[in-house]
Amino acid sequence: MQRRSDRLVTRRLGAGVRLHVLPTDRFTTSVCRVVLHRDLGEEATATAVLSQVLRGATERHPTREALAERLADLYGASLGLSTERLGDRLLLAATMEWPTAGLPGSRGLLREGLRLMGEVLCHPKRGPGGALDAEITDTERTNQARALRSLRDDKGRYAARRALAIACAGEPYALSPEGREEDLPGCTPARLAEVHAAMLAHAPMEIFLVGDLDPEAAERAVRRDLLWTGRGAPWRLPPAVNVRAARARPRRVVEHEQVAQGKLVLVFRAPIAARDARTPAAHTLAGVLGGGPYARLFKVVRETHGLCYYANALWNEAKGLLVIQVGIDPKNEARARRLILALTREVGRGTLEPEALTGYREALAHRVASLADSRGGAIAWAHEALTLGLDPSPQRFLASLQRVRPADVRAVGRSLKLDTVFFLGATPSRRVVRGHK
Amino acid sequence: MSVGARTRARLPAGMVGEREPLTGRVALRGRTPQGSEVRVLPMPGFTRAYASVTTRYGSIDTHLPDGTELPIGIAHFLEHKMFQTEAGDVFDLYSARGASANAYTTFDHTSYLFSCSSRFEENLDTLFDTMASITTDLAAVEREKGIIGQEIAMYEDDPGWRGYFGLLGALYRRHPVRLDIAGTAGTIAPIDPALLRRTHAAYYHPANLIVAVAGDVDPAYVLARAGERLRVAHAGQALVRGPLSEPAAVAHKTASVKLSIQRPRALLGWKEDAPRSGPERVYRETASVVALDLLFGDGGRVEGPLYDAGVVDDTFGASYELGEGYAFALLSAEVDDIAAYRRRLSEALTQACRTPFSAAEVERSRRKLLGRHVRTFNAPESSAQWLLDLALDATPVAADIEALAALRPRDVTRRRDELLAAPTAWSLLEPRRSAAR
């Protein structure tokens, strides 16, 4: 069944443009993902609105209905555009997946899909003077305001974002990839057209294409259907990786909200950049502490003390952050916090409980092996490595983790400092105080 | 649709094959001596394998076969406690091999699963052994109440979950589908080890189990191993549910709740009688999904104008759900103003139903559903879920594709008109005043 190599082949298509092709015939669909990079800064809001305006209509399909019909014709192709954050970079990402096998006529659809992707990215519906369409812009500006307000309705996600915004105050990373509500009035059709033109011309771009075609054919197809003319010199962007030391004294912020479950987030910092030799040990520390059901947080906070349903920890290598999240009964906040701090100290001292260490390493080996079956996972892995300047080989990353020793983790633990504690909910005492006001 | 003679000659002993009509993949099924149904989809070339064992027992099964009434939430509680076996914590066994394991409880079944990229045979044994017995004591059960209490609390803050169960409570007067799958802290309080053991003995008998496996695996091995490991000393039988009586009328026209959210949500449900036969069920589901897509999908007759007018955004969506003794359609949206939304929706529905669906509309929706279907076979997880659905519904492999192919525009129009004439109920979520910060 598998006749292709399933290896990512990279080609440079021009200044700041790279094409990454994964030839494979194991899947019934093809996937194309285009990622445009820019700095995470003032234009975040306009870029976020732009992504949704592009998704609205094109020159050839000038209404949402027409574009939806075209996607349906391509056997229900999925098309998503969004802004994302990777370290201090803002990414405008467009992803399309459409059937190219297993259905009548589907083998000929590879080109059709790429053409539509090119249309969406390069040829949006325009109004007078080259501005983007006013009605679509107005609708999507309103929707962006709604989406920004709704971020708070997912309590776990909101708590994690707030904790990171507090920890990274003053840094680009404090900014949401969806932008800010106060910037929305400035997102006019003319302004969006300027942002669009600038990104097409200058944004460093990574194109990923996974499907049943060889790299030469992929390059021809992308050059013909997806690339636009008029590329200028690519922007020289600040690095995505930006780490700093923790603040001198940890900051604790409590936001009162009437919720059934409190959300506790602890952010630790260590000045360990992604390419630092200590990065594998930092990942190991986070994995042993809270990487899964084998990890210390799960075993102790959940299984031994019955305090939570979920508890996890993750190492953010672009920012040098250890982020721990747990959902708990608000009355147990202090107890859970003490337990988490004690466990973090335990692992940070290099005390690596054997089952947790084995569990983490094996889970990562499974994840790496699974990349062969997961196009989205393989693309995300490759893109992150390219952006952070890392070795893109998952196997070599896995090997580096297997070599981590307790002393390596201890070295990370020594430089790890608590920076921010954020709690969403209400401690019993706080609730009483507020009740008296 | 059986496979041809040449293929049949290569089928493992005790298994029959059915060819999936679009991809040509052959799905195999067999039965163990004690009655477990075994379904396997070989996926050559895939690194990952996925396996699940499912008992046809879920939250709507509120009594033991002897008539003993069970606490609400016990099916889900039992799922949590099944991971402790005489060989130790099942998560530890999976973790040591890098497998990712989990379980979930639905209205009518409970599934245990793993995904792995190596040591499939050992993991399969662990999965089978997990089902054999329940090993727990009073202290562990009491501790689990704290963990599940936090799971329940997490969902209490989840507007999607609250809106969904608010709607089921409004639609249904008696059917246990209206009850939260996990129960409440109060309903799980009386659960003890003895009751868990009795429930396990009644519903985890091999004759009530379904094995579903997808990946590059040997189907004969899976069937043989299931026969060896899914065995008990006493005879048992598959669960046959009695009729679940439910009046046609809804329980409440509106259910409202105030939550800590920023944006209101409105869910509208249409309550229908449950289909009585397998073919009727396949037809109902297929025709309903197409009708809902043409009304509420991207660019649909209702979605298109409401989106363009800024009344709804991409949170607007519909689905059709049916199971043992229940069937309903659900339309969900985050909105700015519930009253205005209800008025505009009513107007748009009236307008949308003035004319029958055209052949072109139905063809587009059909292509979308075909595309969705072939995507199933891009991952072992979704492929195994497809196998499980076939087993639970006792439908042939090609039934839904054949139903889709046979669907005529007038069938979809009739289905639309029947569905929209059904009794309706609303579930409304409104922000607590204190949440607006």
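The structure displayed is predicted, hence computed values, not measured ones. (Residues numbered from 1 in each chain as written. Chains lettered and ligands numbered in written order. Predicted model: local features only at pLDDT ≥ 70, side-chain atom pairs only at ≥ 80, totals over all residues. Heavy atoms only, no water.)

Asker: Explain the pattern of salt bridges to me, please; I cannot follow it from the model alone.
Answerer: For side chains of opposite charge, pairing can occur when their charged atoms come near one another. Residue and element names in this part refer to chain A. On inspection of all chains with the given rule, the structure shows 77 salt bridges over all chains. For R252, the salt bridge identified is with E333, shortest N-O distance 2.9 Å. Highlighted residues: R252 in strand β7 (residues 251-256) and E333 in helix α10 (residues 333-348), separated in sequence by 81 residues. The partly exposed category is assigned to R252, whose relative accessible area is 41%. Residue classification places E333 among the buried residues on the basis of a relative accessible area of 2%. (Salt bridge = Lys/Arg side-chain N within 4 Å of Asp/Glu carboxyl O. Helix = DSSP H or I, 4+ residues; strand = E, 2+ residues; numbered from the N terminus. Buried < 20%, exposed > 50% of the residue type's maximum accessible area, 1.4 Å probe, protein only.)

Asker: What is the right way to look at the environment of B:R432 in this model?
Answerer: Among the secondary structure elements, B:R432 is positioned in the segment after β14 (424-431). In contact with B:R432, other than residues within four places in its own chain, are A:Q258, B:K258, B:L259 and B:S260. A polar contact is formed between the side chain of B:R432 and the side chain of B:S260, at a distance of 2.9 Å. (Contact = heavy atoms within 4.5 Å. Polar contact = N/O pair within 3.5 Å; in protein donor to acceptor, adjacent residues only side chain to side chain.)

Asker: Please clarify how the confidence of the model for chain B should be interpreted in this entry.
Answerer: Do not read the predicted coordinates in detail wherever pLDDT is low. When pLDDT is averaged across chain B, the result is 94; 97% of the residues are at 70 or more. Every residue in residues 1-9 of chain B scores below 50 in pLDDT, and together they form 16 contacts with partners more than four places removed in sequence or on other chains. (pLDDT = per-residue confidence, 0-100.)

Asker: Teacher, can you tell me more about the domain arrangement of chain B here?
Answerer: Where the parts come together, the accessible area they lose is often given as the size of the interface. Residue and element names in this part refer to chain B. Splitting chain B by domain gives domain 1 (32-158 + 167-229) and domain 2 (254-431). One C-alpha centre belongs to domain 1, the other to domain 2; they are set 29 Å apart. When domain 1 packs against domain 2, the two sides together hide about 2500 Å² of surface, and 71% of this comes from carbon and sulfur. Broken down residue by residue, the surface that domain 1 buries against domain 2 is led by R39, L167 and L171, which jointly contribute 25%. Our count for the contact surface shared by domain 1 and domain 2 stands at 1 salt bridge. With its nearest N and O atoms 2.8 Å apart, the salt bridge here joins E381 to R48. At the boundary of domain 1 and domain 2, one finds 5 residue pairs in polar contact (both at pLDDT 80 or more). (Domains from an automatic or database assignment. Buried area = accessible area lost by both parts, 1.4 Å probe.)

Asker: Would you mind going over the interface of chain B and chain A with me for this structure?
Answerer: Listed per partner, the contact involves 60 residues of chain B and 65 residues of chain A. Across the interface of chain B and chain A, roughly 5400 Å² is buried in total on both sides, 49% from carbon and sulfur atoms. Of all residues in chain B, B:Q150, B:R367 and B:R375 bury the most surface against chain A, accounting for 12% of the area lost on that side. Counting across the interface, chain B meets chain A through 6 salt bridges. Of the charged contacts in the structure, one is a salt bridge between A:R55 and B:D298, with a shortest N-O distance of 3.7 Å. Inspection of the chain B/chain A interface yields 30 residue pairs in polar contact (both at pLDDT 80 or more).

Asker: Where do I start with a negative patch on the surface in this structure?
Answerer: All names here are of chain B. A cluster of acidic side chains, namely E285, D389, D400 and E402, defines a negative patch on the protein surface. Inspection of the secondary structure puts D400 in helix α15 (residues 399-406). We classify D400 as partly exposed; its relative accessible area is 31%. (Patch = residues over 30% accessible without salt bridge, like charges linked within 9 Å, V, L, I, M, F, W, Y side chains within 5 Å. Areas by Shrake-Rupley, 256 points an atom, 1.4 Å probe, with all protein chains shown as cover. Lys, Arg positive; Asp, Glu negative; His and termini not counted. Charge placed at Lys NZ, Arg CZ, Asp CG, Glu CD.)

Asker: Hey, could you run me through the nonpolar core in this one?
Answerer: In globular proteins that are soluble, nonpolar side chains generally tend to be buried together. The biggest cluster of nonpolar side chains holds 97 residues, and the ones touching the most others in it are B:F296, B:V302, B:F316, B:Y341 and B:L345. At 8 residues, helix α3 (residues 109-122) of chain A tops the list of elements feeding residues into this core. With near-sequence residues (within four places) excluded, B:F296 lies in contact with B:W270, B:V302, B:E303, B:F316, B:A318, B:L331, B:L345 and B:L349. Residues B:A75, B:M131, B:I152 and B:Y203 belong to the second largest nonpolar core, which totals 51 residues. (Core = buried A, V, L, I, M, F, W, Y, C linked by side-chain atoms within 4.5 Å.)

Asker: Help me understand the pairing of strand β4 (residues 78-86) of chain A in this model?
Answerer: One face of the sheet, then the other: side chains in a regular strand alternate in exactly this way. Residue and element names in this part refer to chain A. Across 9 bridges, β4 lies against strand β5 (residues 89-99) in antiparallel orientation. Bridging from a neighbouring strand, R85 pairs with L90 of β5. Between β4 and β5, which follow one another and run antiparallel, lie 2 residues, and G87 among them has a positive phi close to 60 degrees. (Pairing = 2+ DSSP bridges.)

Asker: Please explain the pairing of β14(B) as it appears in this structure.
Answerer: Residues and elements named next belong to chain B. In this structure, strand β10 (residues 254-259) lies alongside β14, joined through 6 bridges in parallel fashion. Pairing of K258 across the sheet is with E430, part of β14. Here strand β11 (residues 265-272) pairs with β14 via 6 bridges, running antiparallel. In the strand pairing of β14, L268 is matched with W426.

Asker: Even after reading the chapter, I still don't get empty space enclosed by the protein, so can you show me in this structure?
Answerer: Which parts of space are left empty comes out when a probe the size of a water molecule is rolled across the atoms. All names here are of chain B. All chains considered together, the criterion is met by 5 cavities of 30 Å³ or more. Looking at the largest cavity, its volume works out to about 90 Å³. S59, P71, I72, G73 and I74 are the residues nearest the centre of the largest cavity, which is lined by 15 residues in total. When the residues that make up the lining of the largest cavity are grouped by side-chain class, the tally is 8 nonpolar, 5 polar and 2 charged. The space that makes up the second largest cavity amounts to roughly 50 Å³. If you go around the second largest cavity, the residues you meet are F128, M131, A132, Y204, P206, L209, R229, L230, R231 and V232. The element that contributes the greatest number of residues to the lining of the second largest cavity is helix α4 (residues 120-132), accounting for 3 residues. Across the lining of the second largest cavity, the residue classes break down as 8 nonpolar, no polar and 2 charged. (1 Å grid on protein atoms, 1.4 Å probe; cavity = no way out; pocket = protein on both sides within 12 Å on 5 of 7 lines; lining within 4 Å. Points joined across faces, edges and corners; volume = space filled by probe spheres on them. Nonpolar A, V, L, I, M, F, W, Y, C, P; charged D, E, K, R; others polar.)

Asker: Looking at this model, I keep getting lost on the packing of helix α10 (residues 278-296) of chain B against α15(B). Mind explaining?
Answerer: Angle between the axes and distance between the axes are the two parameters that describe a pair of packed helices. Residue and element names in this part refer to chain B. At their nearest, the axes of α10 and α15 sit 9 Å apart, and the two run at 55 degrees to each other. Here α10 is positioned oblique relative to α15, judged by the angle of their axes. Crossing angle aside, the handedness with which α10 passes α15 is right-handed. Where α10 abuts α15, its residues V282, T286 and V290 lie against A399, D400, A403 and L404. Along the lines of polarity and charge, the residues of the contact of α10 with α15 split into 5 nonpolar, 1 polar and 1 charged. (Axes fitted to C-alpha atoms, helices over the stretch in contact; angles between N-to-C directions. Parallel < 35°, antiparallel > 145°, perpendicular 65-115°, else oblique. Left-handed = near helix turned anticlockwise from the far one by under 90°.)

Asker: Got a minute to help me understand the packing of aromatic side chains in this structure?
Answerer: The geometry of an aromatic ring pair comes down to the distance between the two centres and the angle between the two planes. Residue and element names in this part refer to chain B. Within the structure shown, the criterion is met by 21 aromatic pairs over all chains. On the numbers, 4.6 Å between centres and 40 degrees between planes, the contact of Y155 with W161 is tilted. Measuring from centroid to centroid gives 4.8 Å for W161 and F165, while their planes differ by 50 degrees, and the two rings are tilted. Of this pair, W161 and F165 both sit in helix α6 (residues 159-171), 4 residues apart, which is roughly one turn of that helix. According to the relative accessible area criterion, W161 is partly exposed, its value standing at 25%. Chaining the aromatic ring pairs together yields one cluster made of F107, Y155, W161, Y164, F165, Y172, Y326 and F328. (Phe/Tyr/Trp six-rings, centres within 6.5 Å; stacked < 30°, edge-to-face > 60°.)

Asker: When you look at the packing of α4(B) against helix α9 (residues 219-229) of chain B in this model, what are you seeing that I'm missing?
Answerer: Residue and element names in this part refer to chain B. Packing of α4 against α9 brings their axes to within 10 Å, and their N-to-C directions diverge by 35 degrees. Note on packing geometry: the crossing formed by α4 with α9 is right-handed. Of the residues in α9, those touching α4 at F120, E121, L124, D125, F128 and D129 are Y221, V222, R225, A226 and R229.

Asker: Would you mind going over the environment of B:R173 with me for this structure?
Answerer: Residues and elements named next belong to chain B. For R173, the position within the fold is in the loop between α6 and α7 (185-188). For R173, a relative accessible area of 43% translates into the label partly exposed. Placed 77 residues apart in sequence, R173 and V250 show a C-alpha to C-alpha distance of 6.8 Å.

Asker: Hey, could you run me through the sheet that holds β10(B) in this one?
Answerer: Note on sheets: strands pair through backbone hydrogen bonds, and any given pair is parallel or antiparallel. Residue and element names in this part refer to chain B. Pairing in this open sheet of 5 strands is mixed, and the strands run β10-β14-β11-β13-β12 from one edge to the other. Lying at the two open borders of the sheet, with one neighbouring strand each, are β10 and β12 (317-323). Each adjacent strand pair in this sheet contributes to an overall mean axis angle of 15 degrees, direction not counted. By the bridge criterion, 8 bridges tie β11 to strand β13 (residues 326-334) in an arrangement that is antiparallel. Each bridged residue has a counterpart across the sheet, and for K271 the counterpart in β13 is F328.

Asker: Just to check I follow, could you spell out helix α1 (residues 44-54) of chain A for this structure?
Answerer: Helical periodicity: at 3.6 residues per turn, an α-helix aligns residues three or four positions apart in one direction. Most of α1(A) sits out of view: 11 of its 11 residues are buried. Where α1(A) is buried, its residues contact β3 (29-39), β4, β5, α3, α4 (134-150) and α6 (189-202) of chain A.

Asker: For this particular structure, what's the right way to read the side chain of B:K145?
Answerer: Residues and elements named next belong to chain B. Counting through the fold element by element, K145 comes out in helix α5 (residues 138-156). When its relative accessible area of 14% is taken as the criterion, K145 is described as buried. Leaving out residues up to four positions away in the same chain, K145 has contacts with F77, I188, A189, P190 and I191.

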